[in-house]
Amino acid sequence: MKLHELTLAELRGGLDAGRFGAEELARHYLERIGADRLNAFIDVQPQRTLEQARAADTRIAAGERAPLLGIPVAHKDIFVTRGWRSTAGSRMLADYVSPYDATVVARLQVAGAVCLGKTNCDEFAMGSSTENPHFGPVRNPWDEAAIPGGSSGGSAAAVAAGLAPIATGTDTGGSVRQPAAMCGVTGIKPTYGRVSRYGMIAYASSLDQGGAFARSAHDCARLLTAMAGFDPQDSTSLQRDPEDFAAKLAAPTSGSQPLRGLRVGIPAEFFGPGLASDVRAPIEAALAALESLGAHRVAVSLPKTELAIPAYYVIAPAEASSNLSRFDGVRYGHRAGAYADLLDMYKRTRAEGFGAEVKRRILIGTYVLSHGYYDAYYLQAQKLRRLIAEDFRAAFASVDIIAGPVSPTVAWNIGERTDDPVQNYLADIFTLPASLTGLPGLSMPVGFGAGGRPVGLQLIGNYFDEARLLMVAHRFQQASDWHLRRPGG
Ligand code: GLN
């Protein structure tokens, strides 16, 4: 087996037994990244990576044992990093180097993980396709004509293509789950507040949440364990006892029925006519597989699902317009080269620094927050958000998890939808509800649709029920091999 085919457990074993070193492992991945054709990375600095790897080797040689010690990780370029550029995929921050590390980055570094670099993403995490980074689109490793999903498309593509064993991402309205689904990897967005937002370049603060990509639920659990935890630097961080998500995956006692008694809610609204048949078939097969493991389906209803799109596409732009006001050419980032006066400098800086999708959202956000429209749009959207949360509260009274598709279609072609932003927004229908309510959600590969493009099953859990989501996915993966399929055979 080649190094990039090993699971985290296998990598751990190999590193601890001295079969290979962290430096050798990092070099192997850097070589693969060097040959990457997907445009998955924005910033790679081999010297820094190798320095961290050698430090990990020293710790391992001294007898230290820790889950991620010496394990390479790639960070979505939304997390600020000291030393590496922190661009948010934007021209505005194209050369920006942060003076501090995001909490997620710092936690992983303390854990001994080795940073491989920063992954490409939609500008300020706005998008579902990773077609709108300043640094060019990312390609899907399963089919280079296809988008990898977004906005964390670089991270998902990197894990799928074996350019990194694990990667971080952020999910505001689906940006971990949807690219995970489209790239055939496992991705989890935890409960809002589990993972610190400190140093995560803000898009929509009441929705933004860090998450994890890996090839299996087991590997995701290890990464999420290291990422999560209370952070006094983030006022919305939740004070909970640390959880070891990987330890909670332990083997079931009930033999061939490892999911016996699990009640899986199937929301009718997630299986309407908008769901493409080539996605529906693998989803149905996966639900049947869960049943064969002992779970049973319970019909539930999330009647306000449709309202998630208008609610999200008011709230997220509103928060974005406020968050992005800091990019004024004064404090940091791009500044226009020539201008007449201060106002002209602001205008030129923002006109040059932001791409079309970001501008569109700033315009929408500013509009819905403006005097006279606030009640009609922003306040109304907040009310819808509460109603959507009520739907879930009612559903979780009778089920343990909710299952359905992640995306109504498989990955589309690069360029196919660039002229029609609304079509992109509509495709977020199944991921937005968990975002608006702050519930944890996971995507795992369950097969392929048209053109051999991957399909993901979404599992949504109740608040703080990440361990159960990961457990269900892990037991499904122990009994199936979709997560072991690799692009190119
Ligand atoms: N596709 C959604 C959007 O464009 C979600 C993006 C995200 O989760 N960062 O806003």
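In every chain, residue numbers begin from 1 and rise along the written sequence. With the structure being a predicted model, the display of local features is reserved for residues of pLDDT at least 70 and the display and counting of side-chain atom pairs for 80 or more, all residues being used for whole-chain, interface and lining totals. Excluding hydrogens and water, the side-chain values take into account all heavy atoms of the structure.

Caption draft 1: Expanded view of the site of the ligand. Throughout this document, a residue counts as near a molecule or strand when at least one of its heavy atoms sits within 4 Å of that molecule or strand. Around the ligand, the surrounding shell holds 15 residues, and the nearest of these are G173, S175, Y203, Y312 and R361. The separation between an oxygen atom of the ligand and a polar side-chain atom of Y203 is 2.6 Å. Here the open area of atoms and residues is found with the Shrake-Rupley method and a 1.4 Å probe, where only the protein chains shown may cover a residue. For the ligand, whose accessible area on its own is 290 Å², the fraction buried by protein is 99%. Of the grid points, spaced at 1 Å and generated over the protein atoms alone, those admitting a 1.4 Å probe that cannot get out make up cavities, while open sets with protein on both sides within 12 Å along at least five of seven lines make up pockets; any residue with an atom within 4 Å of a point is treated as lining. Whether a molecule lies in a cavity or pocket depends on its atoms, and more than half of them have to be within 2 Å of the grid points. In a pocket analysis with a 2 Å cut-off to the grid points, the ligand is assigned to the largest cavity. Looking at the shell around the ligand, its residues break down into 5 nonpolar, 7 polar and 3 charged. Polar contact criterion, stated in full: a pair of N or O atoms within 3.5 Å, where within protein one must be able to donate a hydrogen and the other to accept it, and residues adjacent in sequence count only if both atoms are side-chain atoms. Following the grouping adopted for this structure description, the nonpolar residues are Ala, Val, Leu, Ile, Met, Phe, Trp, Tyr, Cys and Pro, the charged ones are Asp, Glu, Lys and Arg, and the polar ones are all others, Gly among them.

Caption draft 2: The packing of helix α2 (residues 22-34) against helix α3 (residues 46-61), seen in detail. Between N-to-C directions, angles span 0 to 180 degrees; the directions come from axes that are lines fitted to C-alpha atoms, helices contributing only their stretch in contact. Helix numbers and strand numbers start at the N terminus; a helix is a DSSP run of H or I with at least 4 residues, a strand a run of E with at least 2. Look at α2 against α3: their axes get within 7 Å of each other, and the N-to-C directions meet at 155°. Of the possible angle classes, the one that applies to α2 and α3 is roughly antiparallel. α3 is crossed by α2, and the crossing has right-handed handedness. Between α2 and α3, the contacting residues are A22, E23, A26, R27 and L30 on the first element and P46, T49, L50, A53, R54, A56 and D57 on the second. Split by residue class, the contact of α2 with α3 holds 7 nonpolar, 1 polar and 4 charged. When an angle is under 35 degrees it counts as roughly parallel; over 145 it counts as roughly antiparallel; between 65 and 115 it counts as roughly perpendicular; any other value is oblique. Crossings are classed by handedness, with left-handed meaning an anticlockwise turn of the near helix from the far one by less than a right angle and right-handed meaning a clockwise turn. When checking whether two residues touch, look at their non-hydrogen atoms; a contact exists if any pair is within 4.5 Å.

Caption draft 3: Local environment of the packing of aromatic side chains. Pairs were defined over the aromatic rings of Phe, Tyr and Trp, the Trp ring being its six-membered one, requiring ring centres within 6.5 Å. Orientation was assigned from the angle between planes: stacked under 30 degrees, edge-to-face over 60, tilted for the rest. Using the criterion set out here, one finds 16 aromatic pairs in the structure. Geometrically, the ring pair formed by F327 and Y332 is tilted, given 5.9 Å between the ring centres and 55° between the ring planes. Centroid distance F448 to W482: 6.0 Å. Interplanar angle 65°. Geometry classified as edge-to-face. With a gap of 34 residues between them, F448 in strand β10 (residues 441-448) and W482 in the segment after α15 (466-478) connect regions that are remote in the sequence. Ring-pair connections join several aromatic residues into one group, and the members of that group are Y96, F124, F327, Y332 and F354. The criterion is that NZ of a Lys, or CZ of an Arg, lies within 6 Å of the ring centre and within 35 degrees of the ring normal, and then a charge sits over that ring. Between the NZ or CZ atom of R48 and the centre of the ring of W84, over which it lies, the distance is 5.9 Å. Just above the ring of F464 sits the side chain of R240; from NZ or CZ to the centre is 3.6 Å.

Caption draft 4: Structural detail: the side chain of H474. In this fold, H474 is placed in helix α15. A 1.4 Å probe rolled over the protein chains alone gives each residue an accessible area, and that area as a share of the maximum for its type sets the label: buried under 20%, exposed over 50%, partly exposed in between. On the accessibility criterion, H474 (11% relative accessible area) is buried. Sequence-distant contacts of H474, defined by excluding residues within four places in its chain, comprise A217, H218 and L249.

Caption draft 5: Focus on the sheet that holds β10. Spatially, β1-β3-β2-β4-β6-β5-β10-β11-β9-β7-β8 is the arrangement adopted by the 11 strands of the open sheet, whose pairing is mixed. Both outer strands of the open sheet, β1 (41-43) and β8 (296-300), are each paired with one neighbouring strand and no more. With direction set aside, neighbouring strand axes in the sheet form an average angle of 35°. Here, any two strands with at least 2 DSSP bridges between them count as paired. Taken together, the 3 bridges between strand β5 (residues 186-189) and strand β6 (residues 209-214) define a ladder with antiparallel strand orientation. By the bridge assignment for β6, G187 is matched with F213.

Caption draft 6: Spotlight on the pattern of salt bridges. Any carboxyl oxygen of Asp or Glu within 4 Å of a side-chain nitrogen of Lys or Arg constitutes a salt bridge here. Counted according to the given criterion, the structure contains 25 salt bridges. Between E23 and R27 there is a salt bridge, with the nearest N and O atoms lying 2.7 Å from each other. Of this pair, E23 and R27 both sit in helix α2, 4 residues apart, roughly one helical turn. A relative accessible area of 42% means that R27 is categorised as partly exposed.

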